Amino acid sequence: LTQEPDANGFRGRIVNIGSMGGTLTLHTAAKHADVIKGAIPINAAVQLSSPDMAGLAFGRGLPDTVPGIGSDIKDPNSKELAYAEVPVVAFRQVYALMAATHDLLPRVKCPTLVITAREDHVVSPTNGPLIAGKVGANRVEMLWLENSYHVATIDNDKALIAQRAIDFIKSI
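These numbers come from a predicted model, not from an experiment.

What counts, and at which threshold
Residues numbered from 1 in each chain as written. Predicted model: local features only at pLDDT ≥ 70, side-chain atom pairs only at ≥ 80, totals over all residues. Heavy atoms only, no water. Phe/Tyr/Trp six-rings, centres within 6.5 Å; stacked < 30°, edge-to-face > 60°. Helix = DSSP H or I, 4+ residues; strand = E, 2+ residues; numbered from the N terminus. Core = buried A, V, L, I, M, F, W, Y, C linked by side-chain atoms within 4.5 Å. Buried < 20%, exposed > 50% of the residue type's maximum accessible area, 1.4 Å probe, protein only. Contact = heavy atoms within 4.5 Å. Salt bridge = Lys/Arg side-chain N within 4 Å of Asp/Glu carboxyl O. Expected span 1.5 Å × (residues − 1). Arc of directions from axis to C-beta.

A short note on the packing of aromatic side chains
Then, number 1: The tally for this structure, following the rule as stated, stands at one aromatic pair.
Then, number 2: Seen from their ring centres, Phe58 and Tyr95 are 5.7 Å apart, and the 75 degrees between their planes marks the pair as edge-to-face. Of this pair, Phe58 sits in helix α2 (residues 51–58) while Tyr95 sits in helix α3 (residues 88–104), and the two are 37 residues apart along the sequence.

Here it is as structure tokens:
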């Protein structure tokens, strides 16, 4: 991250990543508010509200790995490359990151476009309005995706996401 102007004179960065990357987008925007000039989290999570996941993250006597989560995609012709297995310790780290990011949301001061699929089998869609309501930015926009699941950037709404992200970035 740098504050040096680029070739176009732009100072700062815009972060746009989906899923857990969306959570990292928000975390980065909160921790580096002086540099991040825009955030576009896609299907980000700041809470899971899942007793099963909490039990997995903090249970005892569990295996080292569990089956991975992947390809929550509505488009039958699209396939996500995903890990076959995920270390259980990673779930603990995810919970810590989500909790910290949730508490840091008021420090996100840059314009923010929250993109959320109405139907998501990995992250509850309630995260979108929660994020939009707690972000400390003066400008917060919400885009609901009606034709995609969790991995929205390779799903049916990918063109919509790309166009709205471009329009949003140009408007900053």
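Still to come is the rest of the account.
Here's the deal with the nonpolar core
Then, number 1: By size, the foremost hydrophobic cluster in this structure holds 16 residues, and its most contacted members are Leu26, Ile131 and Val135.
Then, number 2: Listed by contribution, the elements that provide at least two residues to this core are α1 (20–31), β2 (36–42) and α4 (127–134).
Then, number 3: The element that contributes the greatest number of residues to this core is α1, accounting for three residues.
Then, number 4: Those residues in contact with Ile131 that lie beyond four places of it in its chain are Leu26, Ala44, Val46, Leu105 and Val114.
Then, number 5: By size, the runner-up hydrophobic cluster in this structure holds twelve residues, among which are Met53, Leu56, Ala57 and Val88.

Describing the pattern of salt bridges
Then, number 1: Applying the stated criterion across every chain, the model contains three salt bridges.
Then, number 2: Its salt-bridge partner being Glu146, residue Arg118 comes within 2.6 Å of it at the nearest N-O pair. Here the residue Arg118 occupies a position in the loop between β5 (112–117) and α4, and Glu146 occupies one in the loop between β6 (140–145) and α5 (158–171), the gap between them amounting to 28 residues.
Then, number 3: Residue Glu141 pairs with Arg164 through a salt bridge whose shortest N-O separation is 3.4 Å. Taken together, the residues Glu141 in strand β6 and Arg164 in helix α5 connect sequence positions 23 residues apart.
Then, number 4: Its relative accessible area of 27% is what places Arg164 among the partly exposed residues.
Then, number 5: Each of the salt bridges in this network shares a partner with another, and the network as a whole consists of Arg139, Glu141 and Arg164.

A short note on unusual backbone geometry
Then, number 1: Non-glycine residue Asn43 carries a positive phi angle of around 50 degrees.
Then, number 2: Among the secondary structure elements, Asn43 is positioned in the loop between β2 and α2.
Then, number 3: Positive phi outside glycine occurs at Ser49, with the angle close to 55 degrees.
Then, number 4: Along the chain, the position of Ser49 falls in the loop between β2 and α2.
Then, number 5: Given a relative accessible area of 60%, Ser49 falls into the exposed group.

Describing α3
Then, number 1: The end-to-end C-alpha distance of α3 is 25 Å, a good match for the 24 Å that 17 residues give at a rise of 1.5 Å each.
Then, number 2: Within the span of α3, buried status applies to Val88, Phe91, Tyr95, Leu97, Met98, Thr101 and Leu104.
Then, number 3: Summarising the contacts, the buried residues of α3 are in contact with α1, α2, β3 (65–67) and β4 (85–87).

Concerning α2
Then, number 1: Buried within α2 we find Met53, Leu56 and Ala57. The arc that holds every buried residue of α2, seen down its axis, measures 95 degrees, which confines them to one face. Exposed residues on α2 whose side chains face more than 90 degrees from its buried face are Pro51 and Phe58.
Then, number 2: Those residues of α2 that are buried are in contact with β3 and α3.

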